[in-house]
Amino acid sequence: MRSPYGFDIQENCASCPIRHERQFCNVSQAAIEDLQRNKSTSFYPAGTLLYIEGQAPRGVYILCNGRAKVYTSSKQGKVIILKIAHAGEVLGVEAALASREHEETAELLESCQVNFMATRDFLRYISEHSDAALKTAAQLTSDCRAAQEGIRCLGLSGSVEEKLARLLLHWTGESRPLAQRDKRLKVPYKHEEIAQMIGSTRETVTRLLGALKKKKIVEMKGATLIVKDPERLKQLAGE
C-alpha cells in the first residue's frame, strides 16, 4: 500500500523487507514482534514537528523512511542543527530515558512514516530485550560523537570558512587517511541547513561555497559535491 505522500507503507515491522538494514529495527524476532504490538503508526508531511524543545516526553519516534533534523534554537530565532536523523533511527530517546523535557526539536525534512512507542512501553521494551537495549546504546553513542564533532566545528574553528571546510572534510570520511576519503559526495542539504550546522547564514554559506569553487577546491554538480583539492580543504579547516 502507498501513502498519500508517495512512499510505500510498512504496516508490520516483523514482515518489513528492509528492517535488517535499519539500525534500530535490526533486532531479534521476539523483539520486533513486541515492537509491532506496542507501536502506533502515523504518516506526516515534510515540516511536521514530532516534538519541540521544552516539551515533556510522551515517547519515542522511529523513522521508517525519510530524514529529520534535530535542532536547538535561541529566543532570537537562531537555529543550530545538532544532527540529521535518517530512516531506522529513533528520536526522543534521551528525554524518555531521563524522564525530563526535550532539549531539542525534531522536524521532518521529508514526508515520513513514523512509528511511535509510549515512554512506558519503550522502557519495558529495552529492559526485556537486550539486543534492543544495545541498539539504543549504539545510537546514543553515535549521537554523542556527532555532538562532539559539532562542538569541535563550532568551538575550535575560528572563521565561518574554517567551520564550513571542517564540515565538508568531516563528510568525506574523517576516520580514513586523506587519500582514501570520498571525493564525490551527495549533499542532500539546502544552504540554509548547512548554515544551521555551523552557526552561520544561508547567504554566507552560498558565498563561501562559491569562493571554494572559484579556487577549484570543490565543484558542485546539482546535489553532488566533488572535492578536487582535499589538501587545500584540509588547510582551510585548520588541520
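Once a new chain begins, its residue numbering starts again from 1 and follows that chain's sequence as written. Local features in this predicted model are restricted to residues whose pLDDT is 70 or higher, and side-chain atom pairs enter the listing and the counts only when it is 80 or higher, whereas totals over whole chains, interfaces and linings include all residues. With hydrogens and water set aside, each side-chain value is computed from the structure's full complement of heavy atoms.

Within the largest apolar cluster, 27 residues are counted, with the highest numbers of intra-cluster contacts made by Leu164, Leu168, Ile194, Met197, Leu212, Leu225 and Leu233. Counting from the N terminus, the helices are the DSSP runs of H or I reaching at least four residues and the strands are the DSSP runs of E reaching at least two. Counting residues per element, the ones that place at least two in this core are strand S5 (79-86), helix H5 (160-171), helix H6 (191-198), helix H7 (202-214) and strand S11 (224-227). Between two residues, a contact is recorded if the distance between any of their heavy atoms is within 4.5 Å. Not counting the four nearest positions on each side in its chain, Ile194 is found in contact with Leu164, Leu167, Trp171, Val187, Tyr189 and Val205. The set of buried Ala, Val, Leu, Ile, Met, Phe, Trp, Tyr and Cys residues whose side-chain atoms join them within 4.5 Å is what this entry labels a nonpolar core. The buried label goes to any residue with under 20% of its type's maximum accessible area, the exposed label to any with over 50%, and the partly exposed label to all in between, with areas taken from a 1.4 Å probe on protein chains only.

The subject of this paragraph is the sheet that holds S5. Paired strands are those between which DSSP finds at least two bridges. With respect to topology, four strands assemble into an open sheet ordered S2-S7-S4-S5, the strand pairing being antiparallel. Since the sheet does not close on itself, it has two edges, and those belong to strand S2 (49-51) and S5, each with one partner. For this sheet, the mean inter-axis angle between neighbouring strands, taken without regard to orientation, is 30°. Pairing geometry for S2 and strand S7 (residues 105-108), over two bridges, is antiparallel. Of the residues in S7, the one forming a bridge with Tyr51 is Ala106. For helices, the fitted axis covers only the stretch in contact; all axes are lines through C-alpha atoms, and the angles between them, taken along N-to-C directions, range from 0 to 180 degrees. The sheet strands contacting H6 are strand S4 (67-73) and S5, and the helix crosses S5 at an angle near 110°.

Most of S5 sits inside the fold, with six of its eight residues counted as buried. The sheet contact formed by S4 and S5 spans seven bridges and is antiparallel. Along S5, the bridge assignment pairs Thr72 with Ile80. Hairpin remark: S4 followed by S5, antiparallel, with five residues in the connecting loop; positive phi at Gly77, about 95°.

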